[in-house]
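A look at the structure
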Amino acid sequence: MILDITRHKFFEGLATLLLFALVTAIATGVAYTPAEVTSTTTPIGALVSRFAAGHPTLSVIAIIPCVVYAVLRLARATARASIYPQSTLGAIALGATTLMALLPSAEYATLTIVALLTCEAFGRLLYCFGPNIRAHYLFTAMLALGALPLVDGTFVPLVGAVLLLTIILRGTLRETIIALVGVVTPLTTACYIEWLSMGNFTAPLLTVWDSLLTSSFTTIIDYLTLPRLIFLGILVTLTLLSLMQYFTNRVSLGTSARNVWFILMMSVVTIAISIILGHISVGIIVAMAIILVPTLPMLFICSTPFISVATYTLFVLAAIVSLI
C-alpha cells in the first residue's frame, strides 16, 4: 500500500477505503451489537435506531456500503472542484480513516446516516460555486442538508448557516428558491406524513426543536474516550496546518475554490459556536470531522513526501487506537 496518499490512484484509494470500511464494520459488530434503542425522538433518528435494534447484523453489514458511498461522494467532489493547487485523491484515504475512528459506537446506526447525509450534502455543494452551476446539485445538496435535523436536532444551526452562506455566495433569485425549497422539503414531508397518520402536523418540527434544546455535554461522555479525543486533537491540528498552507497558496486557486474553502471554514465555526452554546451531540462531532476532511489534502500536497507519509501513518495509527 502506498503511504504517500497524494500519489494515490483511484484503485489504491478504493482498496484503502474498502479495507477501512470492513474494519469499521467488524469493530462495530464486535463491540456494539446488539444495538440499543437510543432516546432520540426525531423522525429519521427514531426509525434508524429501531431498525438497528431489530436488525443488528444487517445494520452492521450496511455500514460497509454506506461508508464506501459516503467517502467516494465527498472525495470525488474534492478532486473535481479543484480546491487544491494540484489534483489528488488523498481525501479517499483520509475520509475512510476518519470514519473508521469515529463511527464505531453505541449509536453507530445514527452516525452512519449522519455521515452519509453530511458527505452527500457537502459533496454535492462543492460543485455549486463554479461559474456554471447545475441546479440538481444544489437541490440535492440542500435536500440532504435539510434531512440532517430529522436525524439529530443539533444540526439546525449548521443547516441555517450553510443555507445562508450558499444564498449569499450564489446571489441569484433562481438559486435562492432552489436552495430554500431543497432545505424545507424533508421537514415538510415529515410533517405531511405525520398528518396523514392522524397525528399533529407540527409534531416533527417540535421533536426537532426539542432535540436541539435538550442536547447537552453529558450525552457524549461515553463516546469521547481518551483515544478518540487524541484522534480528534490530531485531526484539528492537521486542519490548522492545512489552513496555514491554504492561506499561503490561496492566490493560486480560483474564486470558486476559495468560496468552497470559505463555506467549509464557516461551517466548522458554526459547529464550534453551537457546541460552546451547549447544542452538542455525537452526530455533530462526526459531521464536523467530515467537514474537516476536504481541507486535509492541502497539507499533504504542500509537504515533502517523508512528512506526508509520517503524518498519514500517525493519523492511521491514531484511528486504530481509537477503536480500542
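Quick look at the structure, then. Computed from a prediction, not measured in an experiment: that's the story for all the values here. (Residues numbered from 1 in each chain as written. Predicted model: local features only at pLDDT ≥ 70, side-chain atom pairs only at ≥ 80, totals over all residues. Heavy atoms only, no water.)

Moving on, we get to the overall build of the protein. Counting its regular elements, the protein contains 15 helices and zero strands. Rg of the C-alpha trace for the protein: 19 Å, near the compact-globule value of 20 Å for 324 residues, within the 12% margin. Every one of the 324 residues in the protein was classed for burial, and the buried ones make up 54%. If you take every contact in the protein between residues at least 6 apart in sequence, the share linking residues at least 24 apart comes to 80%. For the protein, the accessible surface area stands at approximately 14100 Å², while carbon and sulfur atoms represent 72% of it. When the 13 positive and 10 negative side-chain charges of the protein are each reduced to one mean point, those points stand 17 Å apart. (Helix = DSSP H or I, 4+ residues; strand = E, 2+ residues; numbered from the N terminus. Rg over C-alpha atoms; globule rule 2.2 N^0.38 Å. Buried < 20%, exposed > 50% of the residue type's maximum accessible area, 1.4 Å probe, protein only. Contact = heavy atoms within 4.5 Å. Areas by Shrake-Rupley, 256 points an atom, 1.4 Å probe, with all protein chains shown as cover. Lys, Arg positive; Asp, Glu negative; His and termini not counted. Charge placed at Lys NZ, Arg CZ, Asp CG, Glu CD.)

What follows concerns a nonpolar patch on the surface. On the surface, Y192, W195, L196 and F201 cluster together to form a nonpolar patch covering roughly 440 Å² of accessible area. Mapped onto the elements, F201 comes out in the loop between α9 (173-196) and α10 (203-214). (Patch = residues over 30% accessible without salt bridge, like charges linked within 9 Å, V, L, I, M, F, W, Y side chains within 5 Å. Salt bridge = Lys/Arg side-chain N within 4 Å of Asp/Glu carboxyl O.)

Take the environment of T237 next. You can see T237 is positioned in helix α11 (residues 226-249). Judged by relative accessible area, which is 43%, T237 ranks as partly exposed.

This part takes up the packing of helix α7 (residues 135-151) against α9. Taken N-terminus to C-terminus, the directions of α7 and α9 make an angle of 35°; their axes are 8 Å apart at the nearest point. Read as a crossing pair, α7 and α9 show a hand that is right-handed. Taken together, the residues of α9 that come into contact with α7 (itself represented by A135, L138, F139, M142, L143, G146, A147 and L150) are R174, E175, I178, A179, V181, G182, V183, T185, P186, L187 and A190. When grouped by side-chain class, the residues that make up the contact of α7 with α9 number 14 nonpolar, three polar and two charged. (Axes fitted to C-alpha atoms, helices over the stretch in contact; angles between N-to-C directions. Left-handed = near helix turned anticlockwise from the far one by under 90°. Nonpolar A, V, L, I, M, F, W, Y, C, P; charged D, E, K, R; others polar.)

Among the nonpolar cores identified, the biggest contains 103 residues, and F122, L125, M142 and W261 are the most heavily contacted of them. If we ignore the near neighbours within four places in the chain, the residues touching L125 are L138, A141, M142, V162, T166 and I263. (Core = buried A, V, L, I, M, F, W, Y, C linked by side-chain atoms within 4.5 Å.)

Okay, the environment of T313 next. Mapped onto the secondary structure, T313 falls in helix α15 (residues 305-322). Linking T313 and L3, residues 310 residues apart in sequence, is a C-alpha distance of 7.3 Å.

Going through the model one piece at a time under the given rule, you end up with two salt bridges. R73 is the salt-bridge partner of E120, the closest N and O atoms lying 3.8 Å from each other. Remark: R73 occurs in helix α4 (residues 63-80) and E120 occurs in helix α6 (residues 108-125); sequence separation between them is 47 residues. In this pair, the class of E120 matches that of R73, namely buried.

Once that is clear, we can look at unusual backbone geometry. Of note in this structure, S82 is not a glycine but carries a positive phi near 55°. Residue placement: S82 occurs in the loop between α4 and α5 (90-102). Its relative accessible area of 48% is what places S82 among the partly exposed residues. Positive phi, normally seen in glycine, also occurs at M198, with a value near 70°.

Mapped onto the fold, T166 is located in helix α8 (residues 156-170). Judged by relative accessible area, T166 falls into the buried class, the value being 1%. Separated by 12 residues in sequence, T166 and T154 have C-alpha atoms that sit 20 Å apart. Setting aside its immediate chain neighbours within four residues, T166 contacts L125, L138, M142, G171 and I263. Looking at T166, its side chain comes within polar contact range of the main-chain oxygen of V162, at 2.7 Å. (Polar contact = N/O pair within 3.5 Å; in protein donor to acceptor, adjacent residues only side chain to side chain.)

Further remarks concern the packing of α5 against α15. Direction vectors running N to C along α5 and α15 enclose 25°, while the axes themselves pass 8 Å from each other. By the angle between their directions, the pair α5 and α15 is classed as roughly parallel. Handedness of the α5/α15 crossing: left-handed. The segment α5 lies against α15, with A93, L94, T97, T98, M100 and A101 engaging Y312, F315, V316, A319, I320 and S322. Residues of the contact of α5 with α15, tallied by class, amount to nine nonpolar, three polar and no charged. (Parallel < 35°, antiparallel > 145°, perpendicular 65-115°, else oblique.)

The terminal C-alpha atoms of α11, which comprises 24 residues, lie 35 Å apart, in line with the 34 Å expected from a rise of 1.5 Å per residue. When we look at burial in α11, the residues that qualify are R228, F231, L232, I234, L235, L238, T239, S242, L243 and Y246. Buried positions along α11 lie against α5, α12 (255-276), α13 (282-292), α14 (297-302) and α15. (Expected span 1.5 Å × (residues − 1).)

Turning our attention to helix α2 (residues 43-54). With 12 residues, α2 should cover 16 Å at 1.5 Å per step; its first-to-last C-alpha distance of 17 Å lies within 8% of that length. If you check which residues of α2 are buried, you get G45, A46, V48, S49 and A52. Buried residues of α2, viewed axially, fall in a sector of 165°; they line one side. Summarising the geometry of α2, the exposed residues directed more than 90 degrees from the buried face are L47, R50 and G54. Next to the buried residues of α2 lie α3 (56-61), α6 and α7. (Arc of directions from axis to C-beta.)

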